[in-house]
Structures are given as structure tokens and as C-alpha cells.
Amino acid sequence: MICRHALIPLVFLLVGLAPLRAQDDSPVVPSLPEPYTYVGIIAGYGLLSNTTTLEVYPGSSVCGSFTNGDSYGLFVGLSYEYPILPFLQISARGLFAQRPATLVMRTDNGLLAYDDVSGTDVPFVRENVFHSTLRYLSIDAGLRFEPFRLLDMDLPFYVRGSVDAGDPIFGATFTQTEEIIQPQSRLFPDGTKRHVVSSGSLNDATTGFGASGAAGYEMRLDKHWFLDVEAGYRRGLNSVLNDQQWTVSGVYAALNLRYGLVEPEAKPIEPEAAPPVLSEPKPVAQVAQPLVIKAFNTEALEVQETVVTETYPLLPYVFFDSTSADLRERYRPAVDTKTFNEKKLVKSTLPIYYQLLNIVASRMRSHPNTVLRIVGTTDGRELGSASQRKTLAEERAMSVADYMVGTWGISEDRIQISARDLPTMASNPQYMEGLEENRRVEISADDPEILAPVVHARFMEYVPTQSRQVFQVQALHPELSQHWDATISKNNNLARVSGTGVLPGTIPFEVDSSIMVAIGREISTQDSLAGTLSVVQKDGSTVSAYCNFPIRKSQNQFELSRLSLIVFDFDRSEISDENKTMMQRFIREALHADSKVSITGSTDRLGELQYNKTLSQSRADEVQSFLRRLEQSVSVDRCEGIGASKLPYDNNLPEGRFYCRTVSIVVQTPITHH
């Protein structure tokens, strides 16, 4: 529909211009002798259609993605045409092309907010706007065909087909904003309804490829000068970014002012020197050349093996949906209570946290005299009255107790249940996220071992020394590629990257420790992995290439011990008694005379950026001060607050935000110590 609306006025323009050439009383302009070439200046304006799955918050798909958006862009540059037949010309253009984008996505993420006007909870609607400015240097090449000249008719219409390639060397920047749409009375922590979420350069912007088709009308101004009016459609063939899908297509209108360069006329041939008549050479049939992969290779992959002891603190909270007392499915993973062993849990923070009830119940069995305290709370606004909320809080506590009794057989007389309207250390109710965090059950016990952290001791961790493994590709006729697929494997596939359109010259794989988990123990100090590239051409045939590349495993000369302190409540930097006990045990077991310590404080994404950075630094400083009280001679290499600059956990979940309110302590000890 966009293309049709844009082309209708251009069609009428071309039809209106046609009589200028056909009037009988117009002056006759001599034709240019042939052969000749054209050079010109072209400028145009386009309606761009952006199609994307760009994530609103990179790395967090649950927040939603931008989809489509229209924008307008200009282009200007130089044109060149060279005739190969009277009706066919080689056509090339060098362009400066703007391809801006404005993408809008509204969402409530299933959240509710209290509306001061209506006095009710309404969907908390936020509008995210992503605006980018992309400026390309583009080379466009193709053919210009004048069908009526082929029929010896004097109608100056033409059609043009071309492909282009452009690089955003003139700039690739973006700005993303977030605005509260509903309720009108709500503001962000910085006191605004609309603020900038992020901005900067699009570092992953890549070379853009496209294909165009156009129709135009040529107006002759005098013997040498011509003005072309052209309308066309350009389709983007690949993604604007390396790591996310985003294509740009659109319609355009352009004016091309061209100058005809007359070639010198041939000298007359003397009669006595008349050349002999030669027969014309027979045309040579052109054979289509297939895509050929000339080279497919990469550098060695370096992996470091490290002995790690990781302490995983348990967040003693279970969160509930608004007005609900149903225990969420993620807190009830399938479990065999006879064989459950926390030492065999996956070495990852949130998966261990979701086993909280199973871990606590299993430890209750091992400590038969322990009494468990379960306190249900609300956000202080649910339902219509305080008495209704108290009942809801009791039901939440009871749902946790029922799991302990029904699944694990814990005796009811070992469980104490109580309820409060709000938690003792409540999160800020001005945030929707704060209300969500206050709808919870808090678990405590008279024996600290029940909620002690889970410790995975002295396991091997395999970490690549680079974040990307880049393959270099050299190919003839890469434009014939319709789809390509690349893999890294050792006995089975470890990583895969796919794409459509033109085969790129480089194929990057994101390399993280998850790739190494499967093969870390299998690989020797000098080993190899296999790379495979398979390309489906436009004619349906397949071309493949293979390579083996070295993988080298080195031993880290230091052993690492890690601890992340949680239960830093919202907007707090004080170290809780539980965290102090945890630190004492950790330092006693991990710290040696030749150890070095780094301390990093962080926050969730709520609140103003600079305030969060200051808060995270305060948390880190508090930990360092307490650490020095425990061990005066400790060597601290770094004590830094990074705020919300790195979010290791999903901040759309209350548990993810709590685990981001942390101070991470890493103790590095020379391996020779052991």
C-alpha cells in the first residue's frame, strides 16, 4: 500500500510531461552522434519502510521488540551511463544516502499502576521510541533499458534495474527514549514522563546491500543536457546490523540532470584505402558463472581453564502475581525428593534460586529440630481493604508451607506462618517494579544453615579469551547466495550462524563459556574444531566449504573464589547480618596471604544512572571496610561501583533485580598455593 500511494502522483507527472516531446511546433534539437556517454548529478527523496525484530532492551527478549516503522530519507550523488547498444546502457551511481529510522513500541509488560485520577490499577503503558540516523556511501550499478528505441519509436521512457552496496561511513547513531503513556500522573524516578534510555553509535552497523527497479522519463533540454524524472523501489537484501534482524526497503522519486559527452567523429576513409569487407564475428554465448567459495578460514581459538569455587547465595523470597496466592511454576521444578542433591545443581545463579524451596526442604530433613518461619506480604494496594490483603498474605504463606508439607513431608508443627501488609524492608511503591517486589513470601529459620549459600567447590571453568570467533570468506559471485549456514562443531554442533541474501565476507560467531562446557574436559592442550559453510544458491544448488582450525587450552595460574552478596534491599547499602556471616565464612575459606581481592558493586536498572552508580560505590565501600575489619592485611586490587551499566540478570523479574543489587567479591590466589 505504501508503494502504490507514493507512485500514483509520479505516474501523473510522467504522463503530463510526455506531450513536451510530442508537440509538432516544438523546436527540433539535433540528435547526438553515437557512441556517447553521460555524466550527471542525481538527487532524490524516499519513503523508507523498516522491518525489524530489534529488542527494546538488548539481551532481554521478554521486554518485547520493535517491529515496523516508516521514515523519509534523502540521497544525492553522481551518475554515469555508457551505451553498449542503442537501447541499452550500463548505469552506475555514487551516492550519499540517508536512511533514518523511527521505531515505536508500546507495552505494559503485564504490569499495573495505580491511577490517582480513577483510583484504580490500570495497565502501566510505556512507549519506547528508537530513532537512528544512518548515512551511507553507496555504489549503485545496473542497466538502463529504453524499450521504445528498440521498436524505433520516439518515446523517451526507460526502465532501470540495479544492485547497490553501501557502508555507513558518514555516521550510524541512535537515541532511544521511554515515555509513560498511562497513567498520566506517573513519573520516572528523575521526575520526567519521558527520558533517554540510551544513545550512541550503532557499532554493529554493517555494509548494506540492496536491489532496485525504476521507471523514468527523459526530457531533452538542449543538444547536450537532459533531465530524467525517475520513480523506483529499493529492497534491502541484508540486515542493517550484524547481530539483529533489521532491513530497510522503500520507494523513491529522483531527478537526474545529465550531460552528454560527444565522442570524436571518425575520420573519413580515403577511396583508395577502402578497407576490405569483413564478416561480422559471431556473438559468443555468455555462460552464467556459479558461486565459488575460494577460501573459508579463521584464527585459532584460545580457551583458558580455571579452577573455580563459586558461592551462590539464596534470595529468601518467593514472589507472587498481583492478587494471587498461587505458587508460580518456576518455584515448583520437577524433583525426586529421594535423590535430590544441591551439589548436582547447575552452576548458575537463577536456576539455583528457583530450587529454593527444594533446597530449604532438603536441609530441613537434615536438621530435624529446625523451625521454619514463613511470612506472607502484599504490596499494600491489592484488593479493596487491609483485611482482604491480610487474608491474601496468609494464603501466600500457606501455599509455600503446603509445598513443604505435601512434596517433602515436612511436619506442619515445624513451620510458623504469619502475614504483614508490607514487608519490613519494602521496595519503593512509586515504581511498578517496587509493588511487584513487595508481593512476596519471606523465609527464615532459627538455624542459619537452612538458608546458607550453595557452594560449588573447585570445579573447572572454561572461558574463551575472545568474545568472537570470526571466519573469513572469499567467494566469486557472492550475490548468487540465497541462504547460507555456518557451524562450529566437534563431534556435534556447538554453534550456528545463518543468513539470507549476499554471502558476507566475514562470519562472526559469539563465543561464550556455554560453548566450552560441552567440550572443555574433552579437548587437549592442542586440539582442533571443525568449521562448515553451506550456501544455497538462487538456482537451488548447494555449495559447501570446510576447515579445521586449532583450539588451544591454557591453564590459569590463579584459582578463583567468587561470592555475590544479596539482600541489599531497595536503595540500601547497609550490610545485613546474614551477609556479614556469609562474608566471614567465605573469607575464612578463600583468602590466603598471597591472595588478591576485587570488589564490584552494582544495582538494578531502576532509578537515575548517576545515583545508581553512587549507590553501588557505597555498597562496594561498605564491603571493603567490613572486609578490612575481618582481615587487616587483605590486598584489594579494585573496589568499584558500576551501577546498572551491566545487568547480568533479567530486570523484568523481581528476583533478577534483587540479584543485581549486589557486591561481587572475587579472590584470586596463585595455583601454586595449593
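Let us look at the structure shown here.

What counts, and at which threshold
- Residues numbered from 1 in each chain as written.
- Predicted model: local features only at pLDDT ≥ 70, side-chain atom pairs only at ≥ 80, totals over all residues.
- Heavy atoms only, no water.
- Helix = DSSP H or I, 4+ residues; strand = E, 2+ residues; numbered from the N terminus.
- Buried < 20%, exposed > 50% of the residue type's maximum accessible area, 1.4 Å probe, protein only.
- Contact = heavy atoms within 4.5 Å.
- Areas by Shrake-Rupley, 256 points an atom, 1.4 Å probe, with all protein chains shown as cover.
- Axes fitted to C-alpha atoms, helices over the stretch in contact; angles between N-to-C directions.
- Parallel < 35°, antiparallel > 145°, perpendicular 65-115°, else oblique.
- Left-handed = near helix turned anticlockwise from the far one by under 90°.
- Nonpolar A, V, L, I, M, F, W, Y, C, P; charged D, E, K, R; others polar.
- 1 Å grid on protein atoms, 1.4 Å probe; cavity = no way out; pocket = protein on both sides within 12 Å on 5 of 7 lines; lining within 4 Å.
- Points joined across faces, edges and corners; volume = space filled by probe spheres on them.
- Phe/Tyr/Trp six-rings, centres within 6.5 Å; stacked < 30°, edge-to-face > 60°.
- Polar contact = N/O pair within 3.5 Å; in protein donor to acceptor, adjacent residues only side chain to side chain.
- Pairing = 2+ DSSP bridges.

Scanning the protein from N- to C-terminus turns up eleven helices and 30 strands. Within the protein, buried positions represent 45% of all 674 residues. By sequence separation, contacts in the protein at least 24 residues apart represent 75% of the contacts at least 6 residues apart. For the protein, the exposed area adds up to about 34,100 Å²; of that, 55% sits on carbon and sulfur atoms.

What follows concerns the packing of helix α5 (residues 356-366) against helix α6 (residues 386-408). α6 packs onto α5 with a crossing angle of 60° between their chain directions and a minimal axis gap of 10 Å. Judged by the inter-axis angle, α5 sits oblique to α6. The two elements α5 and α6 cross, and the hand of that crossing is right-handed. Contacts from L357, N358, V360, A361, S362 and R365 in α5 reach V400, Y403, M404 and W408 in α6. When the residues that make up the contact of α5 with α6 are grouped by side-chain class, the tally is seven nonpolar, two polar and one charged.

Once that is clear, we can look at empty space enclosed by the protein. One pass over the structure, following the stated rule, counts three cavities of 30 Å³ or more. Its volume calculated, the largest cavity comes out at about 320 Å³. Taken together, 21 residues form the lining of the largest cavity, with F75, L95, R99, R234 and Y252 sitting closest to its centre. For the lining of the largest cavity, the secondary-structure elements that each account for two or more residues are β1 (36-52), β2 (68-85), β3 (88-98), β7 (125-145), β8 (157-167) and β13 (246-262). Here the lining of the largest cavity takes five residues from β13, the largest share from any one element.

Here the focus is unusual backbone geometry. The step from Q182 to P183 runs through a cis peptide bond, and the omega angle for that step is 0°. Within the secondary structure, P183 is located in the loop between β9 (172-182) and β10 (194-201). Here the phi dihedral of R458 falls at roughly 50°; this positive angle occurs in a residue that is not glycine. The residue R458 is located in strand β20 (residues 454-464) in this model.

A few words now on the packing of aromatic side chains. Summed over the entire model, instances satisfying the criterion amount to 23 aromatic pairs. Between F157 and Y217, the aromatic rings sit 5.2 Å apart at their centres with planes inclined by 65°, giving edge-to-face as the arrangement. Of this pair, F157 sits in strand β8 while Y217 sits in strand β11 (residues 208-220); the two residues are 60 residues apart in sequence, bridging distant segments of the chain. Judged by centre distance (5.3 Å) and plane angle (75°), the ring pair of Y317 and F658 falls under edge-to-face. Taken together, the residues Y317 in strand β16 (residues 317-319) and F658 in helix α11 (residues 654-660) connect sequence positions 341 residues apart. Neither Y317 nor F658 differs from the other in exposure class; each is buried.

Take the side chain of E81 next. For E81, the position within the fold is in strand β2. What makes E81 buried here is its relative accessible area of 0%. Polar side-chain contacts of E81 include one of 3.1 Å to the side chain of S91. Beyond its immediate chain neighbours, meaning those up to four positions away, E81 contacts T37, Y38, Q89, I90, S91, R144, N256 and R258.

So, about the environment of R389. Along the chain, the position of R389 falls in helix α6. Take R389: its relative accessible area is 12%, and that puts it in the buried class. Along the primary structure R389 and R420 are separated by 31 residues, whereas in three dimensions their C-alpha atoms are 8.5 Å apart. Those residues in contact with R389 that lie beyond four places of it in its chain are T378, G380, R381, E382, L383 and D421.

Glancing now at the sheet that holds strand β18 (residues 415-419). Taking strand neighbours across the sheet as the criterion, the four strands line up as β16-β19-β17-β18 in an open arrangement whose pairing is mixed. At either end of the open sheet lies a strand with only one pairing partner, and these are β16 and β18. Strand-to-strand, the axes of this sheet are offset by a mean angle of 20°, without reference to chain direction. Sheet analysis places strand β17 (residues 372-376) next to strand β19 (residues 440-445), joined by five bridges and oriented antiparallel. Residue pairing across strands places G376 opposite V441, the latter belonging to β19. Strands in contact with α6 are β17, β18 and β19; relative to β18, the strand with the most contacts, it is inclined by about 160°.

Most of strand β15 (residues 301-312) is tucked away, with ten of its twelve residues classed as buried. Bridging between β15 and strand β26 (residues 542-555) involves five bridges; their strand directions are parallel. Bridge pairing in β26 places E305 opposite Q555. Here nine bridges tie β15 to β20, and the two strands are oriented antiparallel to one another. Looking at the pairing, T311 lines up with V455 of β20. Direction of pairing for β15 relative to strand β27 (residues 558-565): parallel, over a ladder of four bridges. When the bridges of β27 are listed, E310 appears paired with R562.

Turning to the sheet that holds strand β14 (residues 292-298), a few remarks are in order. An order of β14-β21-β24 is seen for the three strands of this open sheet, with the pairing classed as antiparallel. The two strands at the open ends of the sheet, each matched to only one other strand, are β14 and β24 (506-510). The sheet shows a mean angle of 20° between the axes of neighbouring strands, direction not considered. Both β14 and strand β21 (residues 468-476) contribute to a ladder of six bridges, which runs antiparallel. Its bridge partner being in β21, V292 is matched across the sheet by L476.

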